[in-house]
Amino acid sequence: MQQPDPGIVIGDDGLARPVWAATDPLMREYYDTEWGVPVRDEQGLFERISLEAFQAGLSWATILRKRPAFREAFDGFDPDVIAQYDDDKIERLMSDAGIVRNRAKILAAITNANATIRLRDHTGLVEFVWSFQPAETPRPRTFAEIPTKSPESLALSKALRKEGFAFVGPTTMYALMEAIGIVDTHLLGSHRRGTSGVWPE
(Lines give C-alpha, C1' and ligand atoms only; values in the text may rest on other atoms or scores of the structure.)
Protein backbone atom coordinates (compact mmCIF):
# COMPACT_ATOMS: atom_id res chain seq x y z
CA MET A 1 0.00 0.00 0.00
CA GLN A 2 1.43 3.39 -1.03
CA GLN A 3 1.88 5.81 1.85
CA PRO A 4 0.78 9.44 1.40
CA ASP A 5 3.53 11.98 0.86
CA PRO A 6 5.07 13.33 4.07
CA GLY A 7 3.53 16.66 4.95
CA ILE A 8 0.25 15.84 3.22
CA VAL A 9 -2.99 15.44 5.14
CA ILE A 10 -6.09 13.86 3.63
CA GLY A 11 -9.05 15.92 4.78
CA ASP A 12 -12.51 14.67 5.71
CA ASP A 13 -13.51 15.69 2.18
CA GLY A 14 -10.93 13.27 0.77
CA LEU A 15 -8.68 16.04 -0.58
CA ALA A 16 -4.94 16.17 0.04
CA ARG A 17 -3.49 19.36 1.51
CA PRO A 18 -0.25 20.38 3.22
CA VAL A 19 -0.26 20.36 7.00
CA TRP A 20 -0.42 24.17 7.23
CA ALA A 21 -3.73 24.21 5.34
CA ALA A 22 -5.28 21.12 6.84
CA THR A 23 -6.90 22.15 10.11
CA ASP A 24 -7.73 25.87 10.40
CA PRO A 25 -10.91 26.43 8.31
CA LEU A 26 -9.77 29.92 7.29
CA MET A 27 -6.38 28.67 6.11
CA ARG A 28 -7.99 25.75 4.32
CA GLU A 29 -10.38 28.05 2.46
CA TYR A 30 -7.49 30.34 1.53
CA TYR A 31 -5.41 27.40 0.30
CA ASP A 32 -8.28 25.88 -1.70
CA THR A 33 -9.43 29.06 -3.41
CA GLU A 34 -6.72 31.70 -3.40
CA TRP A 35 -3.14 30.68 -2.61
CA GLY A 36 -1.17 30.14 -5.80
CA VAL A 37 -3.87 31.64 -8.03
CA PRO A 38 -2.44 34.28 -10.40
CA VAL A 39 -2.96 37.91 -9.38
CA ARG A 40 -2.64 40.23 -12.38
CA ASP A 41 -4.32 43.48 -11.29
CA GLU A 42 -2.41 46.36 -9.74
CA GLN A 43 -4.57 46.83 -6.66
CA GLY A 44 -4.69 43.11 -5.90
CA LEU A 45 -0.94 42.78 -6.27
CA PHE A 46 -0.27 45.88 -4.19
CA GLU A 47 -2.47 44.41 -1.43
CA ARG A 48 -0.48 41.16 -1.49
CA ILE A 49 2.85 43.00 -1.31
CA SER A 50 1.53 45.07 1.59
CA LEU A 51 0.18 42.08 3.52
CA GLU A 52 3.35 40.04 2.95
CA ALA A 53 5.28 42.93 4.49
CA PHE A 54 2.94 43.08 7.48
CA GLN A 55 3.29 39.31 7.87
CA ALA A 56 7.06 39.48 8.42
CA GLY A 57 7.73 37.94 11.83
CA LEU A 58 4.11 36.81 12.23
CA SER A 59 2.03 33.87 11.03
CA TRP A 60 0.04 34.16 7.82
CA ALA A 61 -3.04 32.98 9.73
CA THR A 62 -2.78 36.13 11.87
CA ILE A 63 -2.73 38.34 8.76
CA LEU A 64 -5.55 36.42 7.11
CA ARG A 65 -7.79 36.89 10.15
CA LYS A 66 -7.03 40.60 10.16
CA ARG A 67 -7.38 41.06 6.38
CA PRO A 68 -10.94 42.47 6.47
CA ALA A 69 -9.79 45.07 9.02
CA PHE A 70 -6.68 45.80 6.92
CA ARG A 71 -8.81 46.36 3.83
CA GLU A 72 -11.07 48.76 5.68
CA ALA A 73 -8.22 50.63 7.36
CA PHE A 74 -6.18 50.91 4.15
CA ASP A 75 -9.02 51.98 1.82
CA GLY A 76 -9.13 48.70 -0.06
CA PHE A 77 -5.38 48.97 -0.74
CA ASP A 78 -5.92 51.65 -3.36
CA PRO A 79 -2.38 52.97 -4.04
CA ASP A 80 -3.65 56.40 -5.08
CA VAL A 81 -5.42 56.88 -1.74
CA ILE A 82 -2.66 55.40 0.42
CA ALA A 83 -0.01 57.57 -1.26
CA GLN A 84 -1.80 60.60 0.21
CA TYR A 85 -1.85 59.40 3.84
CA ASP A 86 -0.70 62.10 6.27
CA ASP A 87 0.49 62.04 9.88
CA ASP A 88 -3.07 62.07 11.22
CA LYS A 89 -3.96 59.00 9.19
CA ILE A 90 -0.80 57.24 10.33
CA GLU A 91 -1.72 57.91 13.97
CA ARG A 92 -5.24 56.56 13.36
CA LEU A 93 -3.73 53.40 11.89
CA MET A 94 -1.39 53.09 14.88
CA SER A 95 -4.42 53.12 17.19
CA ASP A 96 -6.41 50.56 15.14
CA ALA A 97 -6.38 47.29 17.09
CA GLY A 98 -7.78 45.44 14.09
CA ILE A 99 -4.53 45.61 12.15
CA VAL A 100 -0.83 45.07 12.88
CA ARG A 101 0.24 48.32 14.52
CA ASN A 102 3.81 48.59 13.31
CA ARG A 103 4.85 52.09 12.30
CA ALA A 104 7.67 50.96 10.01
CA LYS A 105 5.34 48.62 8.11
CA ILE A 106 2.61 51.27 7.86
CA LEU A 107 5.15 53.75 6.49
CA ALA A 108 6.36 51.07 4.06
CA ALA A 109 2.81 50.69 2.70
CA ILE A 110 2.73 54.43 1.97
CA THR A 111 6.21 54.31 0.44
CA ASN A 112 5.22 51.35 -1.71
CA ALA A 113 2.00 53.03 -2.83
CA ASN A 114 4.04 55.93 -4.18
CA ALA A 115 6.50 53.54 -5.83
CA THR A 116 3.60 51.67 -7.43
CA ILE A 117 2.27 54.92 -8.90
CA ARG A 118 5.70 55.78 -10.30
CA LEU A 119 5.95 52.37 -11.96
CA ARG A 120 2.90 53.20 -14.08
CA ASP A 121 5.17 55.38 -16.21
CA HIS A 122 7.20 52.29 -17.11
CA THR A 123 5.87 48.72 -17.14
CA GLY A 124 3.44 48.97 -14.26
CA LEU A 125 3.61 46.92 -11.06
CA VAL A 126 2.03 43.76 -12.46
CA GLU A 127 4.22 43.41 -15.52
CA PHE A 128 7.26 44.38 -13.45
CA VAL A 129 6.73 41.67 -10.82
CA TRP A 130 5.67 38.97 -13.28
CA SER A 131 8.77 39.59 -15.40
CA PHE A 132 10.69 37.69 -12.70
CA GLN A 133 8.84 34.43 -13.37
CA PRO A 134 11.48 31.67 -13.57
CA ALA A 135 11.88 29.22 -16.45
CA GLU A 136 10.94 26.33 -14.16
CA THR A 137 8.96 25.88 -10.95
CA PRO A 138 9.87 23.67 -7.99
CA ARG A 139 8.29 20.23 -7.74
CA PRO A 140 8.33 19.60 -3.99
CA ARG A 141 7.19 16.27 -2.59
CA THR A 142 7.65 17.33 1.04
CA PHE A 143 7.46 20.62 2.88
CA ALA A 144 11.22 20.45 3.48
CA GLU A 145 11.81 20.55 -0.28
CA ILE A 146 10.05 23.91 -0.71
CA PRO A 147 12.57 26.75 -1.13
CA THR A 148 12.27 29.90 0.99
CA LYS A 149 13.93 32.08 -1.65
CA SER A 150 15.35 31.81 -5.15
CA PRO A 151 17.63 33.68 -7.55
CA GLU A 152 14.49 35.23 -9.03
CA SER A 153 13.12 36.38 -5.66
CA LEU A 154 16.52 37.88 -4.86
CA ALA A 155 16.52 39.70 -8.21
CA LEU A 156 12.93 40.88 -7.71
CA SER A 157 13.79 42.13 -4.23
CA LYS A 158 16.76 44.11 -5.54
CA ALA A 159 14.77 45.51 -8.47
CA LEU A 160 11.86 46.63 -6.26
CA ARG A 161 14.24 48.26 -3.79
CA LYS A 162 15.82 50.13 -6.70
CA GLU A 163 12.33 51.40 -7.59
CA GLY A 164 11.87 52.68 -4.04
CA PHE A 165 9.94 49.82 -2.41
CA ALA A 166 10.48 48.82 1.24
CA PHE A 167 9.97 45.56 3.17
CA VAL A 168 10.53 43.52 0.01
CA GLY A 169 13.32 41.14 1.07
CA PRO A 170 14.04 38.00 -0.99
CA THR A 171 12.23 35.65 1.42
CA THR A 172 9.17 37.91 1.53
CA MET A 173 9.22 38.16 -2.26
CA TYR A 174 9.44 34.39 -2.62
CA ALA A 175 6.35 34.08 -0.41
CA LEU A 176 4.68 36.61 -2.71
CA MET A 177 5.69 34.63 -5.81
CA GLU A 178 4.19 31.48 -4.27
CA ALA A 179 0.98 33.25 -3.24
CA ILE A 180 0.28 34.83 -6.64
CA GLY A 181 1.20 31.85 -8.83
CA ILE A 182 4.55 33.01 -10.24
CA VAL A 183 5.92 29.72 -8.91
CA ASP A 184 3.92 26.62 -8.00
CA THR A 185 5.08 25.18 -4.68
CA HIS A 186 1.99 23.08 -4.05
CA LEU A 187 3.24 19.67 -2.95
CA LEU A 188 3.06 17.08 -5.73
CA GLY A 189 0.50 15.12 -3.74
CA SER A 190 -1.78 18.12 -3.14
CA HIS A 191 -5.14 18.44 -4.84
CA ARG A 192 -4.17 22.00 -5.80
CA ARG A 193 -0.98 21.13 -7.68
CA GLY A 194 -1.04 22.60 -11.20
CA THR A 195 -4.29 24.56 -10.71
CA SER A 196 -2.79 28.01 -11.36
CA GLY A 197 -2.88 27.61 -15.12
CA VAL A 198 0.68 29.00 -15.19
CA TRP A 199 2.49 25.70 -14.69
CA PRO A 200 1.55 22.16 -15.74
CA GLU A 201 1.31 19.54 -13.00
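Preceding this paragraph is the structure being described.
Residues numbered from 1 in each chain as written. Predicted model: local features only at pLDDT ≥ 70, side-chain atom pairs only at ≥ 80, totals over all residues. Heavy atoms only, no water.

A. Representation of the overall build of the protein chain. In terms of regular secondary structure, the protein chain is built from nine helices and two strands. The helix and strand sequence of the protein chain, counted from the amino end, reads β-β-α-α-α-α-α-α-α-α-α. Along the longest, intermediate and shortest principal axes, the C-alpha atoms of the protein chain span 65 × 35 × 25 Å. Per-residue burial for the protein chain yields a buried fraction of 49% across its 201 residues. Long-range pairs, those at least 24 residues apart, make up 64% of the contacts in the protein chain between residues at least 6 apart in sequence. Counting every atom, the protein chain has about 9,800 Å² of accessible surface; 52% of that belongs to carbon and sulfur. Counting 23 positive and 29 negative side-chain charges, the protein chain places the averaged centre of each group 4 Å from the other. (Helix = DSSP H or I, 4+ residues; strand = E, 2+ residues; numbered from the N terminus. Buried < 20%, exposed > 50% of the residue type's maximum accessible area, 1.4 Å probe, protein only. Contact = heavy atoms within 4.5 Å. Areas by Shrake-Rupley, 256 points an atom, 1.4 Å probe, with all protein chains shown as cover. Lys, Arg positive; Asp, Glu negative; His and termini not counted. Charge placed at Lys NZ, Arg CZ, Asp CG, Glu CD.)

B. View of the environment of Pro 134. One can find Pro 134 in the loop between helix H7 (125-130) and helix H8 (151-162). Residues Pro 134 and Glu 152, spaced 18 residues apart in sequence, show a C-alpha to C-alpha distance of 6.5 Å. Setting aside residues no more than four positions away along its own chain, Pro 134 makes contact with Glu 152, Met 177, Ile 182, Val 183 and Trp 199.

C. Molecular detail of helix H5 (residues 87-94). Along H5, the residues that are buried comprise Lys 89, Ile 90 and Leu 93. Seen along its axis, H5 keeps its buried residues to an arc of 100 degrees; they face one direction. Facing away from the buried surface of H5 by more than 90 degrees, the exposed residues are Asp 87, Asp 88 and Arg 92. Those residues of H5 that are buried lie in contact with helix H3 (60-73) and helix H6 (103-119). (Arc of directions from axis to C-beta.)

D. Broad picture of the environment of Asp 88. Residue position: Asp 88 is located in helix H5. Among the residues examined, Asp 88 registers a relative accessible area of 53% and is labelled exposed. Taking the C-alpha atoms as reference, Asp 88 lies 49 Å from Gly 189; in sequence the two are 101 residues apart.

E. Structural context of H3. Here H3 is 14 residues long and its end C-alpha atoms lie 18 Å apart, about the 20 Å a rise of 1.5 Å per residue gives. At Arg 67, H3 is bent by approximately 55 degrees, the largest bend along its length, and proline Pro 68 sits one to four residues beyond. When we look at burial in H3, the residues that qualify are Trp 60, Ala 61, Ile 63, Leu 64, Arg 67, Phe 70 and Ala 73. In the core, the buried residues of H3 are packed alongside helix H1 (25-33), helix H2 (42-55) and H5. Following H3 by one or two positions, Asp 75 adopts a phi angle in the positive range, close to 50 degrees. (Expected span 1.5 Å × (residues − 1). Bend = angle between axes of the 7 residues up to and from the residue.)

F. Region of the structure containing the packing of aromatic side chains. A complete count under the given rule lists 11 aromatic pairs for this structure. A ring pair is formed by Trp 20 and Tyr 31, whose centres lie 5.3 Å apart and whose planes are at 90 degrees; its orientation type is edge-to-face. Of this pair, Trp 20 sits in the loop between strand S2 (16-18) and H1 while Tyr 31 sits in helix H1, and the two are 11 residues apart along the sequence. Trp 20 sits in the partly exposed class, given a relative accessible area of 27%. (Phe/Tyr/Trp six-rings, centres within 6.5 Å; stacked < 30°, edge-to-face > 60°.)

G. Representation of the nonpolar core in the model. If you look at the biggest cluster of nonpolar residues, it comprises 51 residues, and the most contacted ones within it are Leu 45, Phe 70 and Phe 74. Counting only elements with at least two residues in this core, the list comes to H1, H2, H3, H5, H6, H7, H8 and helix H9 (170-179). (Core = buried A, V, L, I, M, F, W, Y, C linked by side-chain atoms within 4.5 Å.)

H. Spotlight on the packing of H2 against H6. Contact geometry of H2 with H6 gives a least axis separation of 10 Å together with a crossing angle of 155 degrees. Classified by the angle between their axes, H2 and H6 sit roughly antiparallel to one another. As for the relative orientation of H2 and H6, their crossing is right-handed in sense. Packed against H2, whose contacting residues are Glu 42, Phe 46, Ile 49, Ala 53, Phe 54 and Gln 55, the element H6 presents Lys 105, Ile 106, Ala 109, Asn 112, Ala 113 and Thr 116 at the interface. Looking at side-chain class alone, the contact of H2 with H6 contains seven nonpolar, three polar and two charged residues. (Axes fitted to C-alpha atoms, helices over the stretch in contact; angles between N-to-C directions. Parallel < 35°, antiparallel > 145°, perpendicular 65-115°, else oblique. Left-handed = near helix turned anticlockwise from the far one by under 90°. Nonpolar A, V, L, I, M, F, W, Y, C, P; charged D, E, K, R; others polar.)

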